[in-house]
Amino acid sequence: MRNPSSFSFKFGFVVSLSFAAATSSSCSLYYSYSSASLPTLPCSLNTSTSPSPPPPPPPHKATAGDLIALLGPEDKASQIDPIEAHQLRSRFKFLVPFNGNSIDPEFDECEYSIKRRLTHSEGRRRRRRRRRGRREIEDEMIWCPPAPVFELARLAFDSGGDPDAIHRALDPTIIHVPDVEGSEENKCVLTRTPYGRHFINEELNSYLVFLFEIISSRGPTVGLNVSLNRFDLFHGHMFIAAESRRLGILFHAKEYPAYEKEVFPYNMGYCQIGSNVPYDDAMNLRNILWLAPLPSNSSKSWVAPGTLVVLDAHPEGIIYRDLIPDYVQFVRTLYEDDFGDVVVDVNYLNVGGVTPNYQLFIC
């Protein structure tokens with residue numbers, strides 16, 4: 001029979017060894033109550049923990065500001081990450097050839113030149129335009145718009161991007177928005193306010209109409225078939241870009257696609273009733289961007305020509321991935337607020353009956 005005192009002695013010895021090991025940087029492993037120990041394993045009891053490494057920063061997403069920078073002077077465009085720049089440029093579908101930050105010498109008669117001041121009178125400019133074809137004239141009207149457009153762009157820039165500076169250029173006369181293609185029958189309200197206004201300078205109003213017309217006529221060249229009606233192309237949002245203070249308009253086509261249970265099962269309210277706008281691949285092209293020429297910080301020089309471009313929001317592209325909010329991806333909507341401070345809505349509405357009668361309403 002095992003001696004109890006011997007057992008007690010051995011047990012106490014083992015316990016004391018275990019306690020001693022627990023207070024050291026390592027502990028011993030025992031298989032019996034024998035005083036003999038087996039090889040030890042390291043067993044750190046240091047309860048202090050090293051700080052966790054900071055999480056990696058989220059991947060950079062393209063912004064509307066990046067997009068505008070690529071359509072501006074080279075010194076700004078070159079600051080965009082090359083991979084991102086390539087991906088964005090691959091989604092630009094120009095309705096008027098892009099001249100980058102220079103005007104082709106053959107269009108030197110333009111009032112506007114990137115490297116010089118405004119020098120030609122409007123009358124001289126018009127005489128020279130008459131010697132060109134319609135398409136060339138339209139191209140030049142985008143690159144080098146009429147003088148009042150330059151003045152408005154300069155106003156936006158010099159004011160520090162203040163929308164009120166543009167508001168002060170509006171005629172205070174109120175123009176009631178009448179029924180538009182049966183909209184009142186369906187309780188459809190198309191404009192932000194029930195009235196609109198015009199710019200004091202009539203040439204500015206004419207230029208806005210020109211923008212709607214050229215989008216409609218040239219859209220098919222890039223796959224965008226649009227109609228000037230209340231379901232399709234009828235409005236744009238004028239803004240002043242946040243960083244560059246550049247004046248622009250974001251147009252939205254395909255505004256109210258027809259409800260179709262299998263293709264487009266979305267109810268968009270009263271204004272969708274009666275729509276015949278198909279929901280097809282052209283929805284990817286519904287965002288159209290116009291940018292006015294960009295002034296420089298000097299008094300009269302300019303650093304980028306005007307441009308007109310369709311922004312392709314195909315689901316496989318960077319615009320869809322980074323710039324289209326998740327909740328409107330099905331309609332591919334870019335929001336004007338992302339580009340800068342919204343100034344006004346520009347509406348071009350058919351208020352006629354059997355005979356079309358398009359009128360401008362700035363709200």
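Look up a bit, the structure's there.
Predicted model, so just to flag it, every value in this text is computed and none were measured. (Residues numbered from 1 in each chain as written. Predicted model: local features only at pLDDT ≥ 70, side-chain atom pairs only at ≥ 80, totals over all residues. Heavy atoms only, no water.)

It is worth spelling out the overall build of the protein at this point. Per the secondary structure count, the protein includes ten helices and eleven strands. Sorting the 363 residues of the protein into buried and exposed places 47% on the buried side. Summarising the internal contacts of the protein: among those between residues at least 6 apart in sequence, 61% fall at separations of at least 24. Here the protein displays about 19000 Å² of accessible surface, and carbon together with sulfur accounts for 54% of that area. (Helix = DSSP H or I, 4+ residues; strand = E, 2+ residues; numbered from the N terminus. Buried < 20%, exposed > 50% of the residue type's maximum accessible area, 1.4 Å probe, protein only. Contact = heavy atoms within 4.5 Å. Areas by Shrake-Rupley, 256 points an atom, 1.4 Å probe, with all protein chains shown as cover.)

Attention now moves to the sheet that holds strand β5 (residues 247–252). The seven strands lie next to each other as β1-β9-β6-β5-β4-β10-β11, forming an open sheet whose pairing is antiparallel. In this open sheet, the two edge strands, each paired with only one partner strand, are β1 (92–94) and β11 (358–362). Each strand axis lies, on average, 25° off the axis of its neighbour in the sheet, ignoring direction. Lying over the sheet, helix α9 (residues 202–218) contacts β4 (235–241), β5, β6 (287–291), β9 (307–311), β10 (340–350) and β11, oriented at roughly 75° with respect to β10. (Pairing = 2+ DSSP bridges. Axes fitted to C-alpha atoms, helices over the stretch in contact; angles between N-to-C directions.)

For the rest of this paragraph, the subject is the state of the cysteines. Counted under the stated rule, the structure contains one disulfide. The side chain of C188 participates in a disulfide bridge whose partner is C271; the two sulfur atoms lie 2.0 Å from each other. Taking the torsion about the sulfur-sulfur bond, which here is approximately 100°, the covalent link between C188 and C271 counts as right-handed. With C188 in the loop between β2 (175–176) and β3 (195–196) and C271 in the loop between β5 and β6, the pair connects residues that are 83 residues apart, well separated along the chain. Take C271: its relative accessible area is 6%, and that puts it in the buried class. (Disulfide = S-S within 2.5 Å.)

Ranked by size, the top nonpolar core spans 47 residues in total, and within it F199, M238 and W290 carry the most contacts. In terms of residue count, the dominant contributor to this core is α9 (eight residues). Leaving out residues up to four positions away in the same chain, M238 has contacts with I166, F199, L208, L247, G248, I249, D341, V342, V343, V344 and V346. A241, F264, L289 and I319 belong to the second-largest nonpolar core, a separate cluster that totals 30 residues. (Core = buried A, V, L, I, M, F, W, Y, C linked by side-chain atoms within 4.5 Å.)

Turning our eyes to something else, we now look at helix α4 (residues 82–89). For α4, the full list of buried residues reads E84, A85 and L88. Looking straight down α4, one finds that the buried residues subtend no more than 100° of arc, so they occupy a single side. Exposed side of α4, more than 90 degrees from the buried face: P82, I83 and H86 are the residues found there. Against the buried residues of α4 lie α2 (64–70), β1 and α10 (318–323). (Arc of directions from axis to C-beta.)

Further remarks concern α9. If you check α9, its first and last C-alpha atoms are 24 Å apart, about what 17 residues at 1.5 Å a residue would give, namely 24 Å. Inspection of α9 places L204, N205, Y207, L208, F210, L211, F212, I214, I215, S216 and R218 among the buried residues, and these make up the whole buried set. Residue N201 occupies the N-cap position of α9, its side-chain oxygen lying 2.8 Å from the main-chain nitrogen of E203. (Expected span 1.5 Å × (residues − 1). Polar contact = N/O pair within 3.5 Å; in protein donor to acceptor, adjacent residues only side chain to side chain.)

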